[in-house]
Amino acid sequence: MDDPHPLEHLTPQERAVFEVLVANSGRVLSRAELARRAGIADLSARRCDSLIVGIRRRIGHDRVRTVRRRGWMLVD
């Protein structure tokens, strides 16, 4: 059964990254830009990658598109 409220289960860091993606929907964001805007730039450079995995688990893998060598973008 699908969760009717998937965003309620996001961690605070996942929620911060998701909110940046939503605010820039349809626009490609690099790892560095996403981390800076989400307030996690002081963490590991790969932290965004793991947070994206968690976000995809909650909202669906097809909603966050990876744009090779550029970053990620939220799609409708």
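Residues numbered from 1 in each chain as written. Predicted model: local features only at pLDDT ≥ 70, side-chain atom pairs only at ≥ 80, totals over all residues. Heavy atoms only, no water.

S.K.: Can you explain the overall build of the chain? Please cite residues and give values.
M.R.: In terms of regular secondary structure, the chain is built from three helices and two strands. Across the chain, helices and strands are ordered from the amino to the carboxyl terminus as α-α-α-β-β. Computed over its C-alpha atoms, the radius of gyration of the chain comes to 12 Å, within 12% of the 11 Å expected for a compact globule of 76 residues. Judged by the C-alpha coordinates and their principal axes, the chain covers about 35 × 20 × 20 Å. Within the chain, buried positions represent 38% of all 76 residues. Of the contacts formed within the chain by residues at least 6 apart in sequence, a portion of 46% connects residues at least 24 apart. If you sum the accessible surface of the chain, you get close to 5100 Å²; carbon and sulfur atoms cover 49% of it. (Helix = DSSP H or I, 4+ residues; strand = E, 2+ residues; numbered from the N terminus. Rg over C-alpha atoms; globule rule 2.2 N^0.38 Å. Buried < 20%, exposed > 50% of the residue type's maximum accessible area, 1.4 Å probe, protein only. Contact = heavy atoms within 4.5 Å. Areas by Shrake-Rupley, 256 points an atom, 1.4 Å probe, with all protein chains shown as cover.)

S.K.: Give a detailed account of the side chain of Arg56, specifying residues and quantitative values.
M.R.: For Arg56, the location among the structural elements is in helix α3 (residues 47-59). In contact with Arg56, not counting residues within four places along its chain, are His61, Val64, Arg65, Thr66 and Trp72.

S.K.: Go over the pairing of strand β2 (residues 71-74), please, and point to the residues and values.
M.R.: Burial along β2 is two-sided: the face carrying Gly71 and Met73 and the face carrying Trp72 and Leu74 are both buried. Pairing geometry for strand β1 (residues 64-67) and β2, over four bridges, is antiparallel. For Thr66, the partnering residue across the bridge sits in β2 and is Trp72. As consecutive antiparallel partners, β1 and β2 are separated by three residues, and within that stretch Arg69 has a phi angle of approximately 65°, a positive value. (Pairing = 2+ DSSP bridges.)

S.K.: Explain the packing of helix α1 (residues 12-23) against α3 residue by residue, including any values.
M.R.: The description of two packed helices rests on the angle between their axes and on the distance between the axes. Following both chains from N to C, one finds α1 and α3 inclined at 80°, their axes separated by 9 Å at the closest point. Relative to α3, the element α1 lies roughly perpendicular. Contacts from Gln13, Glu14, Val17, Phe18 and Leu21 in α1 reach Arg47, Leu51, Ile52, Gly54, Ile55 and Ile59 in α3. Here the contact of α1 with α3 is composed, by residue class, of seven nonpolar, two polar and two charged. (Axes fitted to C-alpha atoms, helices over the stretch in contact; angles between N-to-C directions. Parallel < 35°, antiparallel > 145°, perpendicular 65-115°, else oblique. Nonpolar A, V, L, I, M, F, W, Y, C, P; charged D, E, K, R; others polar.)

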